[in-house]
Amino acid sequence: DAAVVRAAIEAAPGPVVLVANSYGGVPATWAAAETVKVTEIIYAAAFLLEPGHSVLKWLGGAFPDTWEFSSDGRGVKFGDVKNGIFSGVDPILVTEALKRLNWESVQALSQPLRAAPTETRATYLIATEDRALPVAAQEAMAVRTTRTVRIASGHTPQLSHPDEVVAVVVDAVARAGA
């Protein structure tokens, strides 16, 4: 996943501001460590892990009992997606999002983060109504960022509070251009 993100970064003209949600924080962090084009990462209720850690390790070494595994055991889904991942999102948008929802790779969630940028600005959007990634966990990860913004949203603020997320992105892009 980090290679795909890195390829998109390299294909983009000029400086890049990355916005990552949930697991997306892991490949965004890794990819940003391997390029100088990223000026800021915005973690929207996203995993901001230390190198050597994985989402599975963060979970305590086992997936929660409420999560569902694919028939081949290679994929996993968060248990109650509608009320956890998409809480607070317009029901019509949830219906469309669920059509696109795929299995997360167990391998991707188990692979330790290999690198993290040292000079890149980072903003953490704490989703204060998040039912998937506890607020206390978000606050602990946000300590490592240069800026923290609280949004009264569930796990996907980009869907439930897009105007507030866009304002943070626009601010980061303005700084990147300065």
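Cut-off values and rules
- Residues numbered from 1 in each chain as written.
- Predicted model: local features only at pLDDT ≥ 70, side-chain atom pairs only at ≥ 80, totals over all residues.
- Heavy atoms only, no water.
- Pairing = 2+ DSSP bridges.
- Helix = DSSP H or I, 4+ residues; strand = E, 2+ residues; numbered from the N terminus.
- Axes fitted to C-alpha atoms, helices over the stretch in contact; angles between N-to-C directions.
- Contact = heavy atoms within 4.5 Å.
- Buried < 20%, exposed > 50% of the residue type's maximum accessible area, 1.4 Å probe, protein only.

**Student:** Would you mind going over the sheet that holds strand 6 (residues 121-127) with me for this structure?
**Tutor:** Picture the strands of a sheet paired through backbone hydrogen bonds; they go either parallel or antiparallel. Pairing in this open sheet of four strands is parallel, and the strands run 1-2-6-7 from one edge to the other. Of all the strands in the sheet, just strand 1 (16-22) and strand 7 (147-151) have a single pairing partner and so form its edges. Direction aside, the axes of adjacent strands within the sheet are offset by 20° on average. With five bridges connecting them, strand 6 and strand 7 associate as parallel partners. Bridge pairing in strand 7 links Leu 125 to Val 149. Where helix 2 (residues 25-33) meets the sheet, its contacts fall on strand 1 and strand 2 (38-46), and the angle it forms with strand 2 comes to roughly 165°.

**Student:** Would you mind going over the side chain of Thr 123 with me for this structure?
**Tutor:** In this fold, Thr 123 is placed in strand 6. Thr 123 sits in the buried class, given a relative accessible area of 0%. Discounting chain neighbours no more than four positions away, the residues touching Thr 123 are Glu 40, Ile 41, Ile 42, Tyr 43, Thr 145, Arg 147, Val 149, Val 168 and Arg 175.

**Student:** How should I be thinking about the sheet that holds strand 3 (residues 68-69) in this particular structure?
**Tutor:** Overall, antiparallel pairing links the three strands, which are arranged 3-4-5 in an open sheet. Two strands close off the open sheet at either side, each with one partner strand: strand 3 and strand 5 (104-105). The sheet contact formed by strand 4 (residues 75-77) and strand 5 spans two bridges and is antiparallel. Looking at the pairing, Val 76 lines up with Glu 104 of strand 5.

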